[in-house]
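# A look at the structure
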Amino acid sequence: MSPPLGFAVGVTPMDDDISAEIYAQPHFESLPKGICGTGDSFETGQPKVSCNLVDMEAYALAKVCRKLDVRLISVKYITDGANDTAHLDWEENLLLGAQKLLALYQAHF
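Predicted model only: the values in this text are computed from it and were never measured.

This part is about the overall build of the protein. A tally of regular secondary structure across the protein gives two helices and three strands. Taken from the N to the C terminus, the helices and strands of the protein come in the order β-β-β-α-α. Each of the 109 residues in the protein was classed as buried or not, and the buried ones make up 22%. As displayed, the protein offers around 8,200 Å² of accessible surface, 60% of which is attributable to carbon and sulfur atoms.

Written out as structure tokens, the structure reads:
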């Protein structure tokens, strides 16, 4: 089955940069590092590109920053496992994620 827009998975339409991965840069040394990918859709299973997490918005921001040679620091609190209960997990973990990100900000800034 071909993707709806006809572009291969991991390819950004009308973009010559074929890289599908944005690598984490060190800043918060105590946090795990990973590769952010996107399938440009809400994931409900394993990502279709090799990555540790999927985030459409962070991926887009990171790709633009990389193209413009601008440093970007992005921290993501993973609220769900991209499975059948993702919507329930997201609601349950949203406040906890906000609290942890606030504590991280207060500790570093």
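Next, the rest of the story.
We now examine the environment of L72. Along the chain, the position of L72 falls in the loop between α1 (56–68) and α2 (86–108). Not counting residues up to four positions away in its chain, the partners in contact with L72 are L61, A62 and C65.

Turning to the confidence of the model for the protein, a few remarks are in order. Residues of the protein with pLDDT of at least 70 account for 72%, and the chain-wide mean is 74. Per-element confidence in the protein ranges from a low mean pLDDT of 54 for strand β1 (residues 22–23) to a high of 87 for α2.

What follows deals with unusual backbone geometry. Excluding glycine, residues mostly have negative phi values, and the peptide bonds linking residues are mostly trans. We note that D69 has phi near 55°; this positive angle belongs to a residue other than glycine. Structurally, the position occupied by D69 is in the loop between α1 and α2.

This part takes up α1. Compared with an ideal rise of 1.5 Å per residue, which puts 13 residues at 18 Å, α1 spans 19 Å between its outermost C-alpha atoms and is within 8% of the ideal. Every buried residue of α1 is listed here: A58, Y59, A62, K63 and C65. Seen along its axis, α1 keeps its buried residues to an arc of 165°; they face one direction. Facing away from the buried side of α1 by more than 90 degrees, the exposed set consists of E57, L61 and L68. Within two residues after α1, D69 carries a phi angle of roughly 55°, on the positive side.

Before going further, it helps to spend a moment on the environment of D89. One can find D89 in helix α2. With a relative accessible area of 22%, D89 lands in the partly exposed category. D89 sits 10 residues away from T79 along the chain, and the two C-alpha atoms are 6.4 Å apart. If near-sequence neighbours (up to four positions away) are discounted, D89 is found in contact with T79, D80, G81 and N83.

Cut-offs and rules
Residues numbered from 1 in each chain as written. Predicted model: local features only at pLDDT ≥ 70, side-chain atom pairs only at ≥ 80, totals over all residues. Heavy atoms only, no water. Helix = DSSP H or I, 4+ residues; strand = E, 2+ residues; numbered from the N terminus. Buried < 20%, exposed > 50% of the residue type's maximum accessible area, 1.4 Å probe, protein only. Areas by Shrake-Rupley, 256 points an atom, 1.4 Å probe, with all protein chains shown as cover. Contact = heavy atoms within 4.5 Å. pLDDT = per-residue confidence, 0-100. Expected span 1.5 Å × (residues − 1). Arc of directions from axis to C-beta.

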